[in-house]
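# Structural description and commentary
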Amino acid sequence: MKLKTMAKAEAAAGTGGLNRQVRWVHFIDLPDVLPWVQGGELLIITGIGLQGNLSGLVPLVKGVIEKKLAGMIINVGPYIEKVPEEVLRIAEEADFPLLTLPWEVKLVKVMEEIAGYIVRQQTEKQSLSSFFEQLLLKPVEAEDVLFEHAAACGYDLSEPQQVVLLGASRHGDKGSVLMKAELAQVARDFFVRCGRKVLLTLWMDKVLFLLPREGDQGNVALVEKLMEYIEAHLPGSNVAAGIGSFASSLRFIRESYQQAGKALWFSSSNVTKNDVYAYEDLGIYKLLLEIPLDRLQKYCHEIIGTLEAHDAKYKMDLVNSLFIYFEENGNAVKTAHRLFVHRNTLDYRLKKIEEVSGRKLSNSYERLMLQLAVVIGRQLDAVEAVHGDEAYRQSS
């Protein structure tokens, strides 16, 4: 709606969906539009194909909503003088953007400008994809070339940059390509609203962007606001964020990217209740995340493998009970309450844990071994369920 030819456009309904990505624009005024659209398009109609039967707008709007079009523009005039209330209601309930343009606006100019804008956006995205391939997939040798590449797209990378990754949280899934594109678009909209031009792209199965340093503060608070914005515009999307350290030059962006991947890996686990983590704030977990995955798995098997086998055979929930016990700092009353069991039942489980594992909870060294094992095990289980082992390997 910010384009020159759209200056007289009005959002009649579905403003909640104005952030949808437009794949292409179509002007179709056939009686049966649906066979000619696929999804993601912006449809323009004058209503001539309805042949005076405005009730035909209802199944048309329902159909394009079902086919997941980006929106519809109605050229208000002799064929559709006013959009029926029923149509507005359907569009509003579905957050389907329904715009109106006065008859005097030349649709050929509208289509030309929208199509040109889409092509420019696609060209920039391809250019950014090439830029990130040079930046992340191989050692940076010619920083000046990359600076010029970014500057050509209107981005200033002269300040230290911090990599941020958005991906599925512990409650979410990887989602469709369309969902990822919508996530990227919502993130772009957020930064536009903040008055910031941010280098952002879809990278593998995640959204990746760079944030410059502003003063001595990091960008955790800004990313948290972004997550709130995403939840408001894509409710239930269940997104997590990982933030790498600041890179003093483009040569270190790849390291920041790897750190962001590990922070995202951590935020996706059941060890934490937060969905945003900066690598530099992970404390002891930074050490754990530097250890190869197979070694972590081996450690867990050595320390709590017997407990896991016992749980599988007798359904006793020993490993989970131990995890909650450590989370409650060894407070048996609080642990029993969280597990919904009697205190005597918990005491029995703790004794069984010592018996099966061969380690004493009263021994500080053995207690630490057990605590690390259940924490690592919880992470491994959660991240495997959400991302698979490959997510960890890619961040290493």
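The notes below deal with the structure included here. (Residues numbered from 1 in each chain as written. Predicted model: local features only at pLDDT ≥ 70, side-chain atom pairs only at ≥ 80, totals over all residues. Heavy atoms only, no water.)

## So, the sheet that holds strand β1 (residues 10-13)
- Pairing is mixed across the open sheet formed by five strands, whose spatial order is β1-β5-β4-β3-β2. A strand with exactly one partner marks an edge of an open sheet, and here the two such strands are β1 and β2 (24-27). Within the sheet, the average angular offset between the axes of one strand and its neighbour, ignoring direction, is 25°.
- In this sheet, strand β3 (residues 41-45) lies alongside β2 in parallel orientation, the contact comprising four bridges. Bridge pairing in β3 links Val25 to Leu42.
- Packing of helix α3 (residues 107-136) onto the sheet brings it into contact with β2, β3, β4 (71-76) and β5 (98-102), and relative to β2 it is tilted by some 160°. (Pairing = 2+ DSSP bridges. Helix = DSSP H or I, 4+ residues; strand = E, 2+ residues; numbered from the N terminus. Axes fitted to C-alpha atoms, helices over the stretch in contact; angles between N-to-C directions. Contact = heavy atoms within 4.5 Å.)

## A closer look at the pattern of salt bridges
- Considering all chains together, one arrives at twelve salt bridges under this definition.
- When the shortest N-O distance is used, the salt bridge between Arg343 and Asp347 registers 3.2 Å. Of this pair, Arg343 and Asp347 both sit in helix α12 (residues 343-357), separated by four residues, roughly a single helical turn.
- Between Glu355 and Lys352 there is a salt bridge; the shortest N-O distance is 3.4 Å. Residue Glu355 and its partner Lys352 are both found in helix α12; the two are separated by three residues, about one turn of the helix.
- A cluster of three or more residues bridged by salt bridges with shared partners is formed by Glu86, Arg89 and Glu93. (Salt bridge = Lys/Arg side-chain N within 4 Å of Asp/Glu carboxyl O.)

## Thoughts on a nonpolar patch on the surface
- A grouping of Ile48, Tyr79 and Trp103 is seen on the molecular surface, where their side chains present a nonpolar patch of about 290 Å² in accessible area.
- Mapped onto the elements of the fold, Trp103 is located in the loop between β5 and α3. (Patch = residues over 30% accessible without salt bridge, like charges linked within 9 Å, V, L, I, M, F, W, Y side chains within 5 Å. Areas by Shrake-Rupley, 256 points an atom, 1.4 Å probe, with all protein chains shown as cover.)

## A look at helix α2 (residues 85-93)
- Among all positions of α2, only Val87, Leu88, Ile90 and Ala91 are buried. The buried residues of α2 occupy an angular sector of 165° when the element is viewed end-on, so they sit on one face. Facing away from the buried side of α2 by over 90 degrees, the exposed positions are Glu85 and Glu93.
- In this fold, the buried residues of α2 make contact with β1, α1 (57-66) and β5. (Buried < 20%, exposed > 50% of the residue type's maximum accessible area, 1.4 Å probe, protein only. Arc of directions from axis to C-beta.)

## A word on the side chain of Ser256
- Residue position: Ser256 is located in helix α7 (residues 253-267).
- Look at Ser256 and you get buried, because its relative accessible area is 2%.
- At 3.1 Å, the side chain of Ser256 forms a polar contact with the backbone nitrogen of Val163.
- One polar contact links the side chain of Ser256 to the main-chain carbonyl oxygen of Ser245, over a distance of 2.7 Å.
- The contact partners of Ser256, leaving out residues within four places of it in the chain, are Gln162, Val163, Gly244 and Ser245. (Polar contact = N/O pair within 3.5 Å; in protein donor to acceptor, adjacent residues only side chain to side chain.)

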